[in-house]
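Okay, here's what each chain looks like letter by letter:
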Amino acid sequence: MTYGTIATWRMAHEGVIKAQDILKKQGKAGDAVETLINTVEAYPYYKSVGYGGLPNEQGIVEMDAAYMDGDSFAIGAVAGIQNVKHAVSVARSLSDEHFNSFRVGTGATQYAMQNNFEIVNMLTPRAKKIWLNRLAEMREKNLNPYDGHDTVGAITLDKQGSMAAATSTSGLFMKKAGRIGDSPLSGSGFYVDSEIGGAAATGLGEDIMKGCLSYEIVRLMGEGKSPQQACDQAVYPFIEKLKKRYGKAGEFSLVAMNHNGEWGVATNVEFTFSVGNETKAPRILMANPGPDHTTSIAPITQEWLDAYEKRIKTPIN
Ligand code: ASP
């Protein structure tokens, strides 16, 4: 049996390397995906996931996360959870429960506290400065709070043939208190079936939910489409439909992997991701929408990587 990992954004890369290492040594898909997401959650310079994530309008970091086991379909999720270092681990723990497995707000935070998950103030001084600057800017220019998109979403496949999916995000910067995106919602932010494959999303949750895009990709793979065909067929016609019937479509991107370790992506915006399988070591690639409902994929350049590194660490005044 083969193994593999795919995850959204350049920020997932170090986690993908760790996940692949676990999988190579016969580790479980669930452990690999949790380790991957934990790695992103712990890195303070990623301002859209975990520690260092940007807060809501009121300056409070509210996070959403989910975990799904592709063998049993068990799902655990949290939304609007606060002060918890690893929201995805709380979600994974909840996936053991048949009832009460999706918790929001104080109920989610209480569950984490009662079950000894690490509690920390997730608002870093850097994130607070970005928030204060944005508040001033919004007041001056009447700006839309939505600014870029960056959830970490990942799919893993282990040598035993099991698959797992997970997501973690601090959601839209400057979101209203209590706003929840697609990331903790099964079928929208993620979905996985070990006999078929899995998919995960990043981007404007309000629009991803309208198409249940992760489920749709898995459904198409189940009909025999390759992950790339499934991504292209689920995502691009839906964007057109959305523009026609809703009047607009936000930015979003999806990644998918099937139970053979083959993968695909679709996006309506420049989008980086990290992927590895048995035959190819993890690498960062860049996707863009191509002509006629296709996706063009190219290796990332060193120049891009250097500029990224510089951008995420730029001092904030
Ligand atoms: N999908 C996330 C949400 O809507 C945001 C993102 O990926 O940036 O909360």
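This text follows the structure it describes.
In this text the structure is predicted, and so the values were computed from the model without any measurement. (Residues numbered from 1 in each chain as written. Predicted model: local features only at pLDDT ≥ 70, side-chain atom pairs only at ≥ 80, totals over all residues. Heavy atoms only, no water.)

## Comments concerning the sheet that holds strand 6 (residues 163-169)
Note on sheets: strands pair through backbone hydrogen bonds, and any given pair is parallel or antiparallel. The 9 strands lie next to each other as 4-3-2-6-5-1-11-12-13, forming an open sheet whose pairing is mixed. Two strands bound the open sheet, and with one partner strand each, they are strand 4 (102-104) and strand 13 (295-299). When strand polarity is set aside, the average angle formed by the axes of neighbouring strands in this sheet is 15°. Where strand 5 (residues 152-157) and strand 6 come together, 6 bridges link them in antiparallel fashion. (Pairing = 2+ DSSP bridges. Helix = DSSP H or I, 4+ residues; strand = E, 2+ residues; numbered from the N terminus. Axes fitted to C-alpha atoms, helices over the stretch in contact; angles between N-to-C directions.)

## A few points about the site of the ligand
The environment of the ligand is formed by 11 residues, the closest being Asp150, Thr151, Arg179, Asp182 and Gly203. Note that an oxygen atom of the ligand is positioned 2.6 Å from one of the side-chain N or O atoms of threonine 151. Within the contact set of the ligand, a nitrogen atom lies 2.7 Å away from a backbone nitrogen or oxygen of glycine 203. Computed on the free molecule, the ligand has an accessible area of 270 Å², of which 98% lies beneath the protein chains in the complex. Here the residues of the shell around the ligand are counted per class, giving no nonpolar, 8 polar and 3 charged. (Near = heavy atom within 4 Å. Polar contact = N/O pair within 3.5 Å; in protein donor to acceptor, adjacent residues only side chain to side chain. Areas by Shrake-Rupley, 256 points an atom, 1.4 Å probe, with all protein chains shown as cover. Nonpolar A, V, L, I, M, F, W, Y, C, P; charged D, E, K, R; others polar.)

## A few points about the pairing of strand 8 (residues 197-203)
With 7 of its 7 residues buried, strand 8 lies for the most part within the structure. Where burial is concerned, the two faces of strand 8 agree: the one with Gly197, Ala199, Ala201 and Gly203 and the one with Gly198, Ala200 and Thr202 are both buried. Across 4 bridges, the pairing between strand 7 (residues 190-193) and strand 8 is antiparallel. In the sheet register, tyrosine 191 faces strand 8, and the bridge partner there is alanine 199. Two successive antiparallel strands, strand 7 and strand 8, enclose a turn made up of 3 residues. Sheet topology note: the strand 8/strand 9 (residues 252-258) ladder contains 7 bridges and is antiparallel. Paired with glycine 197 across the strands is asparagine 258, a residue of strand 9. (Buried < 20%, exposed > 50% of the residue type's maximum accessible area, 1.4 Å probe, protein only.)

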